[in-house]
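# Chains, contacts and geometry: an overview
Single-letter residue listing:
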Number of protein chains: 2
Amino acid sequence: MSDWKTEWRLIADRVSHFIRTDNFPDRIRPDFLRDAVRAYPCAGGKRLRPVLLMWSCGLFGGEPHKALPAAAAVEIYHNWTLVHDDIIDCDDLRRGKPTTHASLRELAGARYKTGPEAGAKFGSDFAILAGDLQQAWAMDALLRLKSKGVPDNVVLYLAERMQRDLARELISGEAVDVEFGTRGSLNVSEEEVREMIAGKTGAILRYCVRAGALIAKETPYFKGTELDLITGFADALGLAFQLQDDFLGIFGDEKKFGKPIGSDFQEAKPTLLFLAALQKADSVKKSRLLALTGLPEYSPESIAEIRDILTATGAADQLRGEIVRCSDRAERLLDKLPDNPYRSYLHELTAELINRDV
Amino acid sequence: MSDWKTEWRLIADRVSHFIRTDNFPDRIRPDFLRDAVRAYPCAGGKRLRPVLLMWSCGLFGGEPHKALPAAAAVEIYHNWTLVHDDIIDCDDLRRGKPTTHASLRELAGARYKTGPEAGAKFGSDFAILAGDLQQAWAMDALLRLKSKGVPDNVVLYLAERMQRDLARELISGEAVDVEFGTRGSLNVSEEEVREMIAGKTGAILRYCVRAGALIAKETPYFKGTELDLITGFADALGLAFQLQDDFLGIFGDEKKFGKPIGSDFQEAKPTLLFLAALQKADSVKKSRLLALTGLPEYSPESIAEIRDILTATGAADQLRGEIVRCSDRAERLLDKLPDNPYRSYLHELTAELINRDV
């Protein structure tokens, strides 16, 4: 395994250890709510956000291990948003396992012998409370930066940024995405989708790199070019990541990608890929594409036809082109930042995320 | 108006002004989510929790106005829990107005022409996100204690207590209360109900008086007898308040009380009043009482019969007796604290809450 992957693995392990041994959930009642609060954050995963935060800390000359509570905090934060998103999206599976509300629904039937309707209500009610507690847990973890010797005014500043920037931008992004679904994707503009991505996907990545930098610099007053550069890096990375997700959502391999191919089309999501295809298609292709959204099921033939239209219109190429440009921009911005091993790790991470098929 | 009521009114006005002019919600999108985030906190109400916090600050020799951001924070905090509770309890009205999810459901129909089912989903989805944002707003308001010259270490400590004590105890209390409903009130013990009340109602009152004291003392290390006394005061007040609520829920006047008389019996809630009556009743009265829970509607005759049983068994007297004892305990604890106008205000407030009929 190459250096940077070993480093990534080490961080993922330390973050998992922090979260799994943390005593915040211990006093939560009832027992099944405590288990639900622990479930997503303890489950593992790539731990991409913690890695970004700790490498940004290293990049700016800090000791990454001092940033560990913040790294755990962004991971827990990310997870509470997933718990509430899964309720809103009625998703019963995440990474092949039951989502929080789905597993609480099972528990309601098994332990309390509820019927299906009462069980579904039980599942979503307690999943709301589980996410609420995880939001508190994330902030609590962040405040423990104090125990690593991070100055009080830096901790306070990062707490404030978590509420004012991260919460507002991320939750507004999620809300706008849900609103798109109600409004109908034909009434959504490309600009609105870009703004939504900047909030829903981008806000937490920006928070990660900026928090890492401020912990390294030990002051909330660190501002200027370097902070702008790393913020631009996070923005470019986030957009590339989201576009790649949209691309794999239709051109990917279901076994590797982990969710059903075509689900964006099924939910009639106004992805940038879909909007580009609509704009470029002639009237025949456009009406075929629209006929292929919102179907109850997607046969290999339907998927193939969608792929053909996306390719023939040039929408797929346009998207691939933008992913490459975003990735290039991310790498160029990185190159203006201090040259050290963390910068190389961040370069590797960028290449990995753009070239992933999972 | 007497002195203490003028003081209360002044605090309520300042807290309302802080909340209504605060710019936290401004950047929330879409517009209707921003409005939903503002709705409950800006609506007014007694502002009991802010008053407790600021008077506790005064009692301990601090300047109450320095505590204003914390007072606004506990009010906003209380409101996010109401928004999520209202979803969970399927309550469409609060203080005679549509709850958050109910008014968002209306908006879905009016603006997006959704059907009833999609409208209900829209209402609850965005109400989840509104509560999430309010949780962030509460913490953000708290952190602005800094701008009042409260030392960084005190602000950090209060933020930590908000997550570790308040969030865990309050949300666990709410969760246990919801679980009672699933389990059935016959399977719930008096001790469990008392623990639930200590969390759901008590945690935020404890937080208020302790936060007020620490802001006054300007140190997170203020501990000992006086802090224990004011905490005991908050606990006694909280229990008396909840018991009075249970009492008014069946013996009150619907017009003054603001919610339907008998709703606890309709929802088969295991209140301490109900559990006491069950324990004291002979088998005939017990089966009548059980027959009178969970009815679709409550006629004046049913209400009268429930009142008769609660009175005849002595459960009503027992409850009134405990309310008086709690109130006496609260007053006795107060008397051991510094003698100043704020102590008198807190005495008056205790008497008011216990003797209220609204």
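Owing to the predicted nature of the structure, the values given are computational and were not obtained by experimental measurement.

What counts as what
Residues numbered from 1 in each chain as written. Chains lettered and ligands numbered in written order. Predicted model: local features only at pLDDT ≥ 70, side-chain atom pairs only at ≥ 80, totals over all residues. Heavy atoms only, no water. Helix = DSSP H or I, 4+ residues; strand = E, 2+ residues; numbered from the N terminus. Buried < 20%, exposed > 50% of the residue type's maximum accessible area, 1.4 Å probe, protein only. Contact = heavy atoms within 4.5 Å. Least-squares fit on C-alpha atoms with pLDDT ≥ 70 in both. 1 Å grid on protein atoms, 1.4 Å probe; cavity = no way out; pocket = protein on both sides within 12 Å on 5 of 7 lines; lining within 4 Å. Points joined across faces, edges and corners; volume = space filled by probe spheres on them. Nonpolar A, V, L, I, M, F, W, Y, C, P; charged D, E, K, R; others polar.

We now examine the environment of lysine 269 of chain A. All names here are of chain A. Positionally, lysine 269 belongs in the loop between helix H12 (263-266) and helix H13 (272-280). Take lysine 269: its relative accessible area is 26%, and that puts it in the partly exposed class. Placed 221 residues apart in sequence, lysine 269 and leucine 48 show a C-alpha to C-alpha distance of 25 Å. Apart from residues lying up to four places away in sequence, lysine 269 is in contact with Asp177, Ser185, Asp264 and Phe274.

Another point: the relation of the copies chain B and chain A. Superposing chain B onto chain A requires a rotation of 180° together with a translation of 0.0 Å along the rotation axis, leaving an RMSD of 0.0 Å. Overall, the copies show the geometry of a two-fold rotation axis. When the interface residues of chain B are mapped onto chain A, 100% of them again lie at the interface, so the same face is used by both copies.

Scanning the model with the defined rule gives four cavities of 30 Å³ or more in all. Lining the largest cavity, in full, are Tyr77, Gln135, Ala136, Met139 and Gln163 of chain A together with Tyr77, Gln135, Met139 and Gln163 of chain B. Breaking the lining of the largest cavity down by element, the ones donating at least two residues are helix H6 (116-143) of chain A together with helix H6 (116-143) of chain B. Element by element, the count of residues in the lining of the largest cavity is highest for H6 of chain A, at three residues. Its residues placed into classes, the lining of the largest cavity shows five nonpolar, four polar and no charged. Its volume calculated, the second largest cavity comes out at about 50 Å³. Along the walls of the second largest cavity sit Asp246, Gly249, Ile250, Gly262, Asp264, Phe265, Thr271 and Leu273 of chain B, which together make up its complete lining. Those elements giving two or more residues to the lining of the second largest cavity turn out to be helix H9 (225-251) and helix H11 (263-266) of chain B. It is H9 of chain B that provides the largest number of residues to the lining of the second largest cavity, a total of three residues.

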